[in-house]
Amino acid sequence: MRLTVQHKLLPTPQQAEALRRTLETAYKAALKGVPVHYVDPRNTSRTCPNCGHCAKENRGTQSSFACTSCGFEGLSASLSR
Ligand SMILES: [Zn+2]
């Protein structure tokens, strides 16, 4: 039996380290019962930074933000960071 290793699919040491840290963070959060949200960058402008609720209704105008779930309000400038 031959085993073929596809080197192109293997992560670089940097990628492996980043993945390890991500998993470690998620693991520690899970132990504390803290929900972990992985936010899609494309939805950042309409995702609440406070509770993670994502809805297009969250975005009132281009410069304002009001979460329809928890009531969090903020400016888009602070959301993009
Ligand atoms: Zn919210």
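Note that this is a predicted model, so its numbers are computed, not measured.

Caption draft 1: Seen up close, the overall build of the chain. Within the chain one finds 2 helices and 2 strands. Beginning at the N terminus, the succession of helices and strands in the chain can be written as α-β-β-α. For the chain, with 81 residues in total, the buried portion stands at 6%. In the chain, once contacts between residues fewer than 6 apart in sequence are set aside, the share between residues at least 24 apart is 12%.

Caption draft 2: The environment of Gly74, seen in detail. The topology assignment puts Gly74 in strand E2 (residues 73-75). The exposure class assigned to Gly74 is partly exposed, which follows from the 14 C-beta atoms found within 10 Å.

Caption draft 3: Looking closely at the confidence of the model for the chain. Averaged over all residues, the pLDDT of the chain is 72; the fraction at 70 or higher stands at 60%. For the chain, the element scoring lowest by mean pLDDT is helix H2 (residues 76-79), at 46; helix H1 (residues 13-31) scores highest, at 84. Residue range residues 76-81 is modelled with pLDDT below 50. Its contacts to residues more than four positions away, or to other chains, number 10 contacts.

Caption draft 4: Summary view of the environment of Phe72. Here Phe72 shows up in the loop between strand E1 (64-66) and E2. Overall, Phe72 belongs to the partly exposed group, with 15 C-beta atoms counted inside 10 Å. Leave out the neighbours within four places in its chain, and Phe72 touches Cys48, Asn50, Cys51 and Cys67.

Caption draft 5: Representation of the environment of Gly71. Looking at the element boundaries, Gly71 is found in the loop between E1 and E2. It is 9.5 Å that separates the C-alpha atoms of Gly71 and Cys51, two residues lying 20 residues apart in sequence.

Caption draft 6: Examining H1 more closely. Compared with the 27 Å implied by 1.5 Å per residue over 19 residues, the 27 Å span of H1 between its first and last C-alpha is a close match. Counting buried residues in H1 gives 0 out of 19 residues, a small share hidden from the surface. Of the residues one or two after H1, Gly33 is the one with positive phi, at around 75 degrees.

How each quantity is defined
- Residues numbered from 1 in each chain as written.
- Predicted model: local features only at pLDDT ≥ 70, side-chain atom pairs only at ≥ 80, totals over all residues.
- Helix = DSSP H or I, 4+ residues; strand = E, 2+ residues; numbered from the N terminus.
- Buried ≥ 20, exposed ≤ 12 C-beta atoms within 10 Å, placed from the backbone.
- Contact = placed C-beta atoms within 7 Å.
- pLDDT = per-residue confidence, 0-100.
- Expected span 1.5 Å × (residues − 1).

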